[in-house]
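Observations on chain architecture
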Amino acid sequence: MTLYIRNMVCLRCKMAVQSVLEGLSIRYSSIELGKVALLEVLSPDQQKKINAALQHYKLELMDDKRKILVERIKILIIELLHSPDNEMRLKLSEYLSKGLHYDYTYLSNIFSEMEGSTIERFYIVTRIERVKELIVYEDLSVTEIAYQLNYSSVSHLCLQFKKVTGQTPSMFRKKCESGDFVWRICE
Amino acid sequence: MRDRISLLIIDDDADDRNLFLEAVKEVDEEIECITASDGKEALDLLKNSSSLPDFIFLDLRMPRFNGKKCLFEIKNDERLKSIPVIIYTTSKEIEESRDLKEMGAIHFISKPTNPEEIYYLVSFTLEEQLRILPRKNQA
(Lines give C-alpha, C1' and ligand atoms only; values in the text may rest on other atoms or scores of the structure.)
Protein backbone atom coordinates (compact mmCIF):
# COMPACT_ATOMS: atom_id res chain seq x y z
CA MET A 1 0.00 0.00 0.00
CA THR A 2 1.25 3.51 -0.80
CA LEU A 3 0.55 6.55 1.34
CA TYR A 4 0.81 10.06 -0.13
CA ILE A 5 1.76 12.77 2.34
CA ARG A 6 1.41 16.50 1.86
CA ASN A 7 4.09 19.08 2.84
CA MET A 8 7.11 16.76 2.99
CA VAL A 9 10.03 18.89 1.80
CA CYS A 10 13.21 17.70 3.52
CA LEU A 11 15.08 15.06 5.47
CA ARG A 12 13.52 16.20 8.74
CA CYS A 13 10.06 15.50 7.27
CA LYS A 14 11.18 11.98 6.34
CA MET A 15 12.42 11.45 9.90
CA ALA A 16 9.10 12.69 11.28
CA VAL A 17 7.18 10.22 9.11
CA GLN A 18 9.53 7.41 10.13
CA SER A 19 8.95 8.24 13.78
CA VAL A 20 5.14 8.28 13.30
CA LEU A 21 5.14 4.89 11.54
CA GLU A 22 7.44 3.29 14.06
CA GLY A 23 5.44 4.77 16.94
CA LEU A 24 2.32 3.06 15.57
CA SER A 25 4.22 -0.17 14.71
CA ILE A 26 3.40 0.10 11.02
CA ARG A 27 5.83 -1.69 8.71
CA TYR A 28 7.16 0.11 5.64
CA SER A 29 9.70 -0.55 2.89
CA SER A 30 10.64 3.01 1.88
CA ILE A 31 10.01 6.65 2.73
CA GLU A 32 10.46 9.23 -0.02
CA LEU A 33 9.43 12.88 -0.13
CA GLY A 34 5.63 12.77 -0.32
CA LYS A 35 5.37 9.00 -0.62
CA VAL A 36 5.62 6.00 1.71
CA ALA A 37 5.53 2.37 0.61
CA LEU A 38 3.97 0.21 3.32
CA LEU A 39 4.32 -3.52 3.80
CA GLU A 40 0.72 -3.84 4.96
CA VAL A 41 -2.75 -2.56 4.16
CA LEU A 42 -4.07 -0.09 6.72
CA SER A 43 -7.50 -0.09 8.28
CA PRO A 44 -9.47 3.22 8.26
CA ASP A 45 -8.76 3.48 11.99
CA GLN A 46 -5.00 3.16 11.46
CA GLN A 47 -5.14 5.80 8.72
CA LYS A 48 -6.89 8.18 11.10
CA LYS A 49 -4.22 7.57 13.74
CA ILE A 50 -1.42 8.21 11.24
CA ASN A 51 -3.06 11.39 10.03
CA ALA A 52 -3.52 12.67 13.57
CA ALA A 53 0.13 11.94 14.38
CA LEU A 54 1.36 13.54 11.15
CA GLN A 55 -0.55 16.72 11.89
CA HIS A 56 1.77 17.37 14.83
CA TYR A 57 4.47 17.91 12.18
CA LYS A 58 2.16 19.91 9.87
CA LEU A 59 2.03 16.95 7.50
CA GLU A 60 -1.15 15.27 6.24
CA LEU A 61 -2.29 12.19 4.38
CA MET A 62 -3.76 12.79 0.94
CA ASP A 63 -6.38 10.80 -0.93
CA ASP A 64 -7.51 13.30 -3.58
CA LYS A 65 -5.79 12.36 -6.86
CA ARG A 66 -5.44 15.97 -7.95
CA LYS A 67 -3.88 16.98 -4.64
CA ILE A 68 -1.49 14.05 -4.97
CA LEU A 69 -0.47 15.17 -8.45
CA VAL A 70 0.17 18.74 -7.25
CA GLU A 71 2.28 17.41 -4.41
CA ARG A 72 4.27 15.21 -6.80
CA ILE A 73 4.95 18.26 -8.99
CA LYS A 74 6.27 20.12 -5.94
CA ILE A 75 8.43 17.20 -4.86
CA LEU A 76 9.93 16.77 -8.33
CA ILE A 77 10.83 20.47 -8.33
CA ILE A 78 12.43 20.22 -4.88
CA GLU A 79 14.38 17.14 -5.99
CA LEU A 80 15.46 18.93 -9.18
CA LEU A 81 16.83 21.83 -7.16
CA HIS A 82 18.93 19.38 -5.11
CA SER A 83 20.06 17.33 -8.08
CA PRO A 84 23.37 17.39 -9.98
CA ASP A 85 23.83 20.17 -12.49
CA ASN A 86 23.12 18.05 -15.57
CA GLU A 87 19.47 17.48 -14.60
CA MET A 88 19.02 21.21 -14.01
CA ARG A 89 19.77 21.76 -17.68
CA LEU A 90 16.50 20.12 -18.72
CA LYS A 91 13.57 22.42 -19.42
CA LEU A 92 11.22 22.33 -16.45
CA SER A 93 8.22 21.45 -18.62
CA GLU A 94 10.07 18.47 -20.13
CA TYR A 95 11.38 17.35 -16.75
CA LEU A 96 7.90 17.37 -15.17
CA SER A 97 6.18 15.79 -18.17
CA LYS A 98 8.79 13.04 -18.27
CA GLY A 99 8.64 12.45 -14.52
CA LEU A 100 4.86 12.38 -14.21
CA HIS A 101 3.82 11.18 -17.69
CA TYR A 102 1.39 14.03 -18.26
CA ASP A 103 1.32 16.86 -20.77
CA TYR A 104 2.78 20.03 -19.18
CA THR A 105 -0.32 22.08 -20.02
CA TYR A 106 -2.44 19.60 -18.05
CA LEU A 107 -0.05 19.72 -15.09
CA SER A 108 0.06 23.50 -15.24
CA ASN A 109 -3.75 23.77 -15.29
CA ILE A 110 -4.24 21.39 -12.35
CA PHE A 111 -1.54 23.14 -10.33
CA SER A 112 -3.03 26.61 -10.91
CA GLU A 113 -6.56 25.43 -10.08
CA MET A 114 -5.52 23.71 -6.85
CA GLU A 115 -2.91 26.20 -5.62
CA GLY A 116 -4.18 29.52 -7.01
CA SER A 117 -0.73 30.24 -8.43
CA THR A 118 1.50 28.83 -11.14
CA ILE A 119 4.14 26.11 -11.29
CA GLU A 120 6.57 28.78 -12.50
CA ARG A 121 6.02 30.83 -9.37
CA PHE A 122 6.48 27.79 -7.13
CA TYR A 123 9.69 26.96 -8.98
CA ILE A 124 11.11 30.48 -8.61
CA VAL A 125 10.22 30.79 -4.92
CA THR A 126 11.55 27.31 -4.13
CA ARG A 127 14.76 28.00 -6.05
CA ILE A 128 15.27 31.18 -4.03
CA GLU A 129 14.83 29.11 -0.85
CA ARG A 130 17.54 26.81 -2.20
CA VAL A 131 19.77 29.86 -2.81
CA LYS A 132 19.27 30.80 0.85
CA GLU A 133 20.25 27.28 1.94
CA LEU A 134 23.42 27.41 -0.15
CA ILE A 135 24.33 30.79 1.33
CA VAL A 136 23.69 29.71 4.93
CA TYR A 137 24.83 26.08 5.00
CA GLU A 138 27.39 25.85 2.20
CA ASP A 139 28.72 29.43 2.36
CA LEU A 140 28.88 29.52 -1.44
CA SER A 141 29.41 32.75 -3.37
CA VAL A 142 26.55 34.07 -5.49
CA THR A 143 28.55 33.20 -8.62
CA GLU A 144 28.95 29.60 -7.47
CA ILE A 145 25.25 29.39 -6.61
CA ALA A 146 24.23 30.84 -9.98
CA TYR A 147 26.31 28.15 -11.66
CA GLN A 148 25.07 25.33 -9.44
CA LEU A 149 21.41 26.25 -9.85
CA ASN A 150 21.85 26.94 -13.55
CA TYR A 151 20.78 30.59 -13.52
CA SER A 152 21.30 32.33 -16.86
CA SER A 153 23.42 34.98 -15.09
CA VAL A 154 24.46 36.22 -11.65
CA SER A 155 22.50 39.41 -12.18
CA HIS A 156 19.35 37.43 -12.91
CA LEU A 157 19.78 35.54 -9.64
CA CYS A 158 20.28 38.81 -7.72
CA LEU A 159 17.28 40.55 -9.29
CA GLN A 160 15.04 37.54 -8.69
CA PHE A 161 16.28 37.21 -5.10
CA LYS A 162 15.47 40.87 -4.48
CA LYS A 163 12.03 40.55 -6.04
CA VAL A 164 11.07 37.48 -4.01
CA THR A 165 12.65 38.32 -0.63
CA GLY A 166 12.83 42.13 -0.73
CA GLN A 167 16.58 42.08 -0.08
CA THR A 168 19.76 41.35 -2.03
CA PRO A 169 21.72 38.12 -1.48
CA SER A 170 24.52 40.09 0.18
CA MET A 171 22.07 41.77 2.59
CA PHE A 172 20.67 38.32 3.39
CA ARG A 173 24.19 36.93 3.95
CA LYS A 174 25.04 39.82 6.29
CA LYS A 175 21.85 39.25 8.30
CA CYS A 176 22.71 35.57 8.64
CA GLU A 177 26.21 36.37 9.78
CA SER A 178 24.92 38.83 12.37
CA GLY A 179 22.35 36.30 13.61
CA ASP A 180 19.41 38.54 12.66
CA PHE A 181 17.75 35.84 10.65
CA VAL A 182 14.71 33.55 10.80
CA TRP A 183 14.67 30.45 8.66
CA ARG A 184 11.49 30.08 6.62
CA ILE A 185 11.79 26.63 5.14
CA CYS A 186 9.78 23.87 6.83
CA GLU A 187 7.96 26.20 9.21
CA MET B 1 29.56 37.88 -24.45
CA ARG B 2 26.15 38.10 -26.00
CA ASP B 3 24.55 41.24 -27.42
CA ARG B 4 21.63 42.96 -25.79
CA ILE B 5 18.59 40.65 -25.73
CA SER B 6 15.53 41.84 -27.56
CA LEU B 7 12.01 40.53 -27.65
CA LEU B 8 8.76 41.23 -29.39
CA ILE B 9 5.48 41.17 -27.50
CA ILE B 10 2.37 40.71 -29.64
CA ASP B 11 -0.85 41.36 -27.72
CA ASP B 12 -3.99 43.32 -28.59
CA ASP B 13 -4.68 44.24 -24.96
CA ALA B 14 -2.77 47.42 -24.03
CA ASP B 15 -3.02 46.71 -20.29
CA ASP B 16 -1.57 43.24 -20.73
CA ARG B 17 1.21 44.61 -22.93
CA ASN B 18 2.11 47.13 -20.24
CA LEU B 19 2.05 44.53 -17.47
CA PHE B 20 4.23 42.34 -19.60
CA LEU B 21 6.68 45.17 -20.30
CA GLU B 22 6.90 46.02 -16.59
CA ALA B 23 7.59 42.37 -15.79
CA VAL B 24 10.33 42.16 -18.42
CA LYS B 25 11.99 45.30 -17.05
CA GLU B 26 11.89 43.82 -13.56
CA VAL B 27 13.60 40.71 -14.88
CA ASP B 28 16.30 42.63 -16.73
CA GLU B 29 16.31 46.34 -17.50
CA GLU B 30 18.70 45.79 -20.39
CA ILE B 31 16.24 43.72 -22.41
CA GLU B 32 14.94 45.63 -25.40
CA CYS B 33 11.17 45.24 -25.90
CA ILE B 34 9.21 45.95 -29.03
CA THR B 35 5.43 45.61 -29.05
CA ALA B 36 2.75 45.01 -31.66
CA SER B 37 -1.01 45.01 -31.17
CA ASP B 38 -1.86 42.22 -33.60
CA GLY B 39 -0.34 39.65 -35.92
CA LYS B 40 -0.46 41.87 -39.00
CA GLU B 41 1.38 44.73 -37.31
CA ALA B 42 3.95 42.25 -35.94
CA LEU B 43 4.64 40.68 -39.33
CA ASP B 44 5.02 44.10 -41.00
CA LEU B 45 7.43 45.08 -38.26
CA LEU B 46 9.47 41.88 -38.55
CA LYS B 47 9.62 41.93 -42.33
CA ASN B 48 10.71 45.58 -42.46
CA SER B 49 13.27 45.38 -39.68
CA SER B 50 16.98 44.79 -40.29
CA SER B 51 17.46 43.05 -36.93
CA LEU B 52 15.25 40.33 -35.52
CA PRO B 53 14.19 39.76 -31.90
CA ASP B 54 15.68 36.90 -29.88
CA PHE B 55 12.20 35.74 -28.81
CA ILE B 56 8.59 36.45 -29.55
CA PHE B 57 5.84 36.34 -26.95
CA LEU B 58 2.62 35.89 -28.86
CA ASP B 59 -0.93 36.23 -27.52
CA LEU B 60 -3.26 33.72 -29.12
CA ARG B 61 -6.61 35.47 -28.87
CA MET B 62 -6.51 38.62 -30.99
CA PRO B 63 -9.11 40.07 -33.36
CA ARG B 64 -8.35 40.52 -37.08
CA PHE B 65 -5.07 38.60 -37.34
CA ASN B 66 -4.88 36.07 -34.51
CA GLY B 67 -1.90 34.39 -32.89
CA LYS B 68 -2.26 31.05 -34.67
CA LYS B 69 -2.26 32.72 -38.08
CA CYS B 70 0.70 34.87 -37.05
CA LEU B 71 2.64 31.79 -35.88
CA PHE B 72 1.92 30.07 -39.18
CA GLU B 73 3.26 33.05 -41.15
CA ILE B 74 6.40 33.31 -39.01
CA LYS B 75 7.21 29.62 -39.29
CA ASN B 76 6.73 29.71 -43.07
CA ASP B 77 9.05 32.64 -43.63
CA GLU B 78 12.68 31.63 -44.27
CA ARG B 79 14.06 34.71 -42.52
CA LEU B 80 11.78 34.57 -39.50
CA LYS B 81 11.22 30.89 -38.85
CA SER B 82 14.17 30.38 -36.51
CA ILE B 83 12.93 32.97 -33.97
CA PRO B 84 11.65 31.10 -30.87
CA VAL B 85 7.96 31.82 -30.32
CA ILE B 86 6.35 31.46 -26.91
CA ILE B 87 2.56 31.41 -26.99
CA TYR B 88 0.65 32.87 -24.07
CA THR B 89 -3.07 32.74 -23.78
CA THR B 90 -6.05 32.38 -21.47
CA SER B 91 -6.91 29.11 -23.23
CA LYS B 92 -6.40 25.93 -21.22
CA GLU B 93 -6.97 23.54 -24.10
CA ILE B 94 -4.35 20.80 -24.11
CA GLU B 95 -5.09 19.87 -27.73
CA GLU B 96 -4.55 23.45 -28.79
CA SER B 97 -1.19 23.62 -27.02
CA ARG B 98 -0.11 20.42 -28.81
CA ASP B 99 -1.19 21.84 -32.19
CA LEU B 100 0.74 25.04 -31.61
CA LYS B 101 3.87 23.17 -30.56
CA GLU B 102 3.60 21.09 -33.72
CA MET B 103 3.36 24.31 -35.68
CA GLY B 104 6.70 25.40 -34.19
CA ALA B 105 5.94 27.24 -30.93
CA ILE B 106 8.61 26.34 -28.39
CA HIS B 107 6.45 26.88 -25.33
CA PHE B 108 2.82 27.41 -24.42
CA ILE B 109 1.95 29.29 -21.24
CA SER B 110 -1.37 30.23 -19.66
CA LYS B 111 -1.73 33.97 -19.24
CA PRO B 112 -2.24 34.61 -15.51
CA THR B 113 -5.23 36.62 -14.40
CA ASN B 114 -3.30 38.02 -11.45
CA PRO B 115 -0.76 40.72 -12.50
CA GLU B 116 1.67 39.62 -9.77
CA GLU B 117 1.84 36.21 -11.44
CA ILE B 118 2.90 37.76 -14.74
CA TYR B 119 6.27 38.67 -13.24
CA TYR B 120 6.89 35.06 -12.23
CA LEU B 121 5.82 33.71 -15.58
CA VAL B 122 7.89 36.18 -17.58
CA SER B 123 10.88 35.80 -15.28
CA PHE B 124 10.77 32.03 -15.47
CA THR B 125 10.17 31.81 -19.22
CA LEU B 126 12.79 34.39 -20.16
CA GLU B 127 15.36 32.88 -17.86
CA GLU B 128 14.83 29.41 -19.26
CA GLN B 129 15.19 30.74 -22.81
CA LEU B 130 18.24 32.86 -21.95
CA ARG B 131 19.98 29.77 -20.59
CA ILE B 132 19.68 28.17 -24.01
CA LEU B 133 21.08 31.17 -25.95
CA PRO B 134 24.80 30.86 -25.09
CA ARG B 135 24.77 27.17 -26.01
CA LYS B 136 23.18 28.03 -29.35
CA ASN B 137 25.84 30.64 -30.00
CA GLN B 138 28.60 28.15 -29.23
CA ALA B 139 27.20 25.63 -31.72
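About the criteria used
- Residues numbered from 1 in each chain as written.
- Chains lettered and ligands numbered in written order.
- Predicted model: local features only at pLDDT ≥ 70, side-chain atom pairs only at ≥ 80, totals over all residues.
- Helix = DSSP H or I, 4+ residues; strand = E, 2+ residues; numbered from the N terminus.
- Contact = placed C-beta atoms within 7 Å.
- pLDDT = per-residue confidence, 0-100.
- Pairing = 2+ DSSP bridges.
- Nonpolar A, V, L, I, M, F, W, Y, C, P; charged D, E, K, R; others polar.
- Axes fitted to C-alpha atoms, helices over the stretch in contact; angles between N-to-C directions.
- Parallel < 35°, antiparallel > 145°, perpendicular 65-115°, else oblique.
- Left-handed = near helix turned anticlockwise from the far one by under 90°.

Here we take up the overall build of chain A. Scanning chain A for helices and strands turns up 10 helices and four strands. Counting from the amino terminus, helix and strand elements in chain A follow one another as β-α-β-β-α-β-α-α-α-α-α-α-α-α. The C-alpha extent of chain A, read off along each of the three principal axes, is 55 × 40 × 30 Å. Restricting to contacts in chain A with at least 6 residues of sequence separation, those with at least 24 account for 59%.

The subject of this paragraph is the confidence of the model for chain A. Averaged over every residue, the pLDDT of chain A is 88; the share at 70 or more is 94%. No element of chain A has a lower mean pLDDT than helix α4 (residues 85-88) of chain A, at 62, and none a higher one than helix α7 (residues 119-136) of chain A, at 94.

Moving on to the pairing of strand β3 (residues 35-38) of chain A. Residue and element names in this part refer to chain A. In this sheet, β3 lies alongside strand β1 (residues 2-6) in antiparallel orientation, the contact comprising three bridges. Note that in β3 the partner of T2 across the bridge is A37. Taken together, the four bridges between strand β2 (residues 28-32) and β3 define a ladder with antiparallel strand orientation. The partner of I31 across the bridge, within β3, is V36. Connecting β2 to the next strand, β3, in antiparallel fashion are two residues, including G34 with a positive phi near 80 degrees.

The interface is formed by 20 residues belonging to chain B together with 21 residues belonging to chain A. Residue contributions to the side of chain B that touches chain A peak at 10 residues, all from helix α5 (residues 115-138) of chain B. Residue composition of the side of chain B that touches chain A, grouped by class: nine nonpolar, four polar and seven charged.

All names here are of chain A. Relative orientation of the contacting elements helix α3 (residues 65-81) and helix α5 (residues 92-100) amounts to 120 degrees, with a least axis distance of 10 Å. Taken as axis vectors, α3 and α5 run oblique relative to one another. Here α3 runs over α5; the crossing is right-handed. Contacts between α3 and α5 pair R72, I73, L76 and L80 from the former with Y95, L96, G99 and L100 from the latter.

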